[in-house]
Amino acid sequence: MGLALLSVALLALLALLAWPAQAVAAQDPDVLCGACRALMDEVEYDVTKAQQKKTKVGSFRINPDGTQEQRKMPLAHSEAFLADLLDGVCERMNDYKLEEDPVTKKKAFKRFAPRKGDKIYKEFKKFYFYSDAYRPLKFACEAIIEEHEDEISSLIAQEAHHLADKLCSEKADLCETSANQTEL
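About the thresholds
- Residues numbered from 1 in each chain as written.
- Predicted model: local features only at pLDDT ≥ 70, side-chain atom pairs only at ≥ 80, totals over all residues.
- Heavy atoms only, no water.
- Buried < 20%, exposed > 50% of the residue type's maximum accessible area, 1.4 Å probe, protein only.
- Helix = DSSP H or I, 4+ residues; strand = E, 2+ residues; numbered from the N terminus.
- Pairing = 2+ DSSP bridges.
- Salt bridge = Lys/Arg side-chain N within 4 Å of Asp/Glu carboxyl O.
- Disulfide = S-S within 2.5 Å.
- Polar contact = N/O pair within 3.5 Å; in protein donor to acceptor, adjacent residues only side chain to side chain.
- Axes fitted to C-alpha atoms, helices over the stretch in contact; angles between N-to-C directions.
- Parallel < 35°, antiparallel > 145°, perpendicular 65-115°, else oblique.
- Left-handed = near helix turned anticlockwise from the far one by under 90°.
- Contact = heavy atoms within 4.5 Å.

**Student:** Please clarify how the pairing of strand 1 (residues 54-62) should be interpreted in this entry.
**Tutor:** Consecutive side chains of a regular strand alternate in pointing toward one face of the sheet and then the other. Little of strand 1 sits out of view: just 0 of its 9 residues are buried. Here 6 bridges tie strand 1 to strand 2 (residues 68-74), and the two strands are oriented antiparallel to one another. Within strand 2, the residue paired with Gly58 across the bridge is Gln70. Between strand 1 and strand 2, which pair antiparallel and follow one another directly, the connecting turn spans 5 residues, one of which, Gly66, has a positive phi of 90 degrees.

And the structure:
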C-alpha cells in the first residue's frame, strides 16, 4: 500500500511539474494563434478532400414494409468523420515550424512537411522528425478543439470558406484581424 501511494504521489508531482510549462506556452498569443490557424488549415484540407465522397446515414429502425430509411450525404458533414478528424488532427502539429518574418518580426507557424499523396511524401517519411518544440502547439491545438468544437463543426456544416479567419479571428478571438494575413 505504501509503495502504491508513493508512486501515485510521484506521478502527481511529475504531472504538476510538466503542466505549468505547457499552460504558459498555451497562453502565448503567437502559439494560440498559430495553433488555431494550423488546426483550421488541416481541417479545411481534410474537409475539402472528403467533400467529393458520400456516406450512407440513417437509422437502424426498420419500417413496417421491411425497409430501412437511409440517405447519402457528403462524408465531410457526417458526425463520425468530424469526430475522427478532430480526434487526430493535433498529431499533425509536428508538421509545422515556427518562423519569424525578417521584416515585421512577426512569428507564424508554417507547414514544412508534404501532405500524404504529394509526390515527395514517400521520400519525406523515410526521415523521422520529432522535437519537443511542437508540444506547445499540439497542447494549444487540443485546448482549442476542447473549447471550440461546436463552432468548428458549425463552420464546417455551413461550408464556410477561410475557416482559419472565421474561427481564429472572429469566433474564438485568438488572432488579430489583419488585412495581410499570411497563408499557411
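Once the structure has been displayed, the description carries forward.
**Student:** Teacher, can you tell me more about the pattern of salt bridges here?
**Tutor:** A side chain of one charge can pair with a side chain of the opposite charge if their charged atoms are brought near each other. Counted under the stated rule, the structure contains 8 salt bridges. A salt bridge links Arg92 to Asp46, with the nearest nitrogen and oxygen atoms 2.5 Å apart. Here Arg92 is found in the loop between helix 3 (79-88) and strand 3 (96-100), whereas its partner Asp46 is found in helix 2 (residues 29-50), with 46 residues between them in sequence. The partly exposed category is assigned to Arg92, whose relative accessible area is 23%. What makes Asp46 buried here is its relative accessible area of 11%. Residue Glu91 is joined to Lys138 by a salt bridge in which the shortest nitrogen-to-oxygen separation is 3.1 Å. Of this pair, Glu91 sits in the loop between helix 3 and strand 3 while Lys138 sits in helix 5 (residues 135-157), placing them 47 residues apart in sequence. A relative accessible area of 45% places Glu91 in the partly exposed class.

**Student:** What's the story with the state of the cysteines in this structure? I'm lost.
**Tutor:** Covalently bonding the sulfur atom of one cysteine to the sulfur atom of another cysteine gives a disulfide. Tallied over the full model, the rule gives 3 disulfides. Across a sulfur-sulfur distance of 2.0 Å, Cys33 and Cys175 are joined as a disulfide pair. Taking the torsion about the S-S bond as the criterion, the Cys33 to Cys175 disulfide, at about 115 degrees, is right-handed. Of the two residues, Cys33 is situated in helix 2 and Cys175 in the segment after helix 6 (163-171); the sequence distance between them amounts to 142 residues. The pair Cys33 / Cys175 is uniform in exposure class, with both members buried. Note that Cys36 is cross-linked by a disulfide to Cys168, the S-S spacing being 2.0 Å. With the S-S bond torsion at -95 degrees, the cross-link from Cys36 to Cys168 turns out left-handed. One end of the pair, Cys36, is in helix 2; the other, Cys168, is in helix 6, and 132 residues separate them in sequence. Of the two residues, Cys36 and Cys168, both sit in the buried class. Sequence-ordered numbering of the bonded cysteines in the protein gives a pairing of 1-6, 2-5, 3-4.

**Student:** Where do I start with the side chain of Arg111 in this structure?
**Tutor:** Structurally, Arg111 is set in strand 4 (residues 107-111). Reaching out from Arg111, the side chain makes a polar contact with the side chain of Glu42 at a distance of 2.4 Å. One polar contact links Arg111 to Asp95, side chain to side chain, over a distance of 3.4 Å.

**Student:** When you look at the packing of helix 2 against helix 6 in this model, what are you seeing that I'm missing?
**Tutor:** Across the interface, helix 2 lies against helix 6 with an axial gap of 8 Å and an inter-helix angle of 150 degrees. Classed by the angle they form, the pair helix 2 and helix 6 counts as roughly antiparallel. Here helix 2 runs over helix 6; the crossing is right-handed. Where helix 2 abuts helix 6, its residues Cys36, Arg37, Met40, Val43 and Glu44 lie against Leu163, Ala164, Asp165, Leu167, Cys168 and Ser169.

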